[in-house]
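One letter stands for each residue in the lines below.
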Amino acid sequence: MYCVIDIGSNTIRLVVYRVENNTIKPMLNKKYSVGLAGYINKKQALNKKGILKTISVLKEYRLIIDMLPDCEVFPFATASLRNIVNSAEVLNAIKEGTGFSVRILSGHEEALFSYNGAMQTLPTDNGIVADIGGGSTEIVLIADKSPLCAESVPIGSLNLYESYINILLPTKKELSKIETAVKKQIKNLSLPKNIITNQPLCAVGGTARAALEIYKYINNINDNITGYDCGFFSELLDMYSDSHSKVIDYILKTAPDRIHTILPGIVILKTVSEYFKCSAVTTSSFGVREGYLCHILKERGVLHD
């Protein structure tokens, strides 16, 4: 068995996998919504409360792992620790408090691992992978079954909420400011001159999974579908402008723990789909965690292409 711990800007998650028929299968999945992006001070440092909260969650995960025989652990962090000035201090505190040696992924690595994870369940020849996290968004352009470019931008559902929303739910003006900020970041990406457009969007991460659940609830779909029309993002935001209470009800019945971050995340999905002219979106159940683990296990020869 293998365990991955993903220290994100919004959640800290533990997933235990086993290898079966040259693939990884999740066996145990536990998360805490910690919201580390909310513990970053004006100096862009993770404050003491944020560090202690991280260590507290990881100590609980240590107790779980210690009960699992021969389970190797691979802890990593993304924008949560990548985009702060005291990363070394936090890593040392985690090591001393829990024994975990945490690897901080670069934005490029995170994008590639998100792509590798998504391709485990949704292989495609051409398309766009978008992984919306709490503190960053990774975008990968796929051409001829290979990543043409893999980029990361420092905006995510949680840090957009922290930066632009004054109370729990956004106003129409705040959503407009968020969309402007997302467009600016995407336009600054180092993309090839002849970028791929009119290709399917593969959405990765908690925001993507929550958006799918909201779509299924609104449309009374009980099947395990993964795809729908990208126009839904605009429809949901328009619906929110017309009737806050109706959309809030949808969110509370499908993704209550994301009540404050789902709408900023939907804005990211909408903006990415429009920029790359994607008409259809498919949601991947795998992402950066699975891509990271598969990368390690392939290097060791445990998994094979």
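I will try to describe carefully the structure that is included in this document. This one's a predicted model, so the numbers in the text were calculated from it and none came from an experiment.

Re empty space enclosed by the protein
Turning to step 1, where the next piece is worked out: This model, assessed by the stated rule, comprises one cavity of 30 Å³ or more.
Turning to step 2, where the next piece is worked out: Taken as a whole, the largest cavity holds about 350 Å³ of empty space.
Turning to step 3, where the next piece is worked out: Each residue belonging to the lining of the largest cavity can be placed in one class, and the counts come to five nonpolar, 14 polar and nine charged.

Some details on the state of the cysteines
Disulfides are covalent bonds that connect the sulfur atoms of two cysteines.
Turning to step 1, where the next piece is worked out: By the definition in use, this model includes zero disulfides.
Turning to step 2, where the next piece is worked out: C294 takes part in no disulfide bond, and the closest cysteine sulfur to it belongs to C202, at a distance of 14 Å.

Looking at the layout of surface pockets
Turning to step 1, where the next piece is worked out: Here the largest pocket defines a volume of roughly 280 Å³.
Turning to step 2, where the next piece is worked out: Lining the largest pocket are S9, A37, I40, N41, Q44, A79, S80, N83, G135, N159, E162 and S163.
Turning to step 3, where the next piece is worked out: Looking at the lining of the largest pocket, the elements with two or more residues in it are α2 (79–82) and α5 (157–164).
Turning to step 4, where the next piece is worked out: Considering each element in turn, the lining of the largest pocket owes the most residues, three residues, to α5.
Turning to step 5, where the next piece is worked out: Grouping the amino acids of the lining of the largest pocket by side-chain chemistry returns three nonpolar, eight polar and one charged.

Some remarks on α5
Turning to step 1, where the next piece is worked out: All of the buried residues along α5 are S157, L158, N159, L160 and Y161.
Turning to step 2, where the next piece is worked out: Check the buried side of α5 and you find it contacts β6 (127–132), α6 (172–187), α7 (206–218) and α10 (262–275).

A short note on the packing of aromatic side chains
Turning to step 1, where the next piece is worked out: The final tally for this structure, using the stated rule, is ten aromatic pairs.
Turning to step 2, where the next piece is worked out: On the numbers, 5.7 Å between centres and 90° between planes, the contact of Y228 with F232 is edge-to-face. An identical accessibility class is assigned to Y228 and F232; each is buried.
Turning to step 3, where the next piece is worked out: Among the aromatic residues, those joined into a ring-pair cluster are Y215, Y228, F232 and F233.

Looking at α7
Turning to step 1, where the next piece is worked out: For α7, built from 13 residues, the straight-helix expectation of 18 Å at 1.5 Å per residue is met to within 8% by its first-to-last C-alpha distance of 18 Å.
Turning to step 2, where the next piece is worked out: Just past α7, the residue N220 takes up positive phi, approximately 55°.

Parameters and conventions
- Residues numbered from 1 in each chain as written.
- Predicted model: local features only at pLDDT ≥ 70, side-chain atom pairs only at ≥ 80, totals over all residues.
- Heavy atoms only, no water.
- 1 Å grid on protein atoms, 1.4 Å probe; cavity = no way out; pocket = protein on both sides within 12 Å on 5 of 7 lines; lining within 4 Å.
- Points joined across faces, edges and corners; volume = space filled by probe spheres on them.
- Nonpolar A, V, L, I, M, F, W, Y, C, P; charged D, E, K, R; others polar.
- Disulfide = S-S within 2.5 Å.
- Helix = DSSP H or I, 4+ residues; strand = E, 2+ residues; numbered from the N terminus.
- Buried < 20%, exposed > 50% of the residue type's maximum accessible area, 1.4 Å probe, protein only.
- Contact = heavy atoms within 4.5 Å.
- Phe/Tyr/Trp six-rings, centres within 6.5 Å; stacked < 30°, edge-to-face > 60°.
- Expected span 1.5 Å × (residues − 1).

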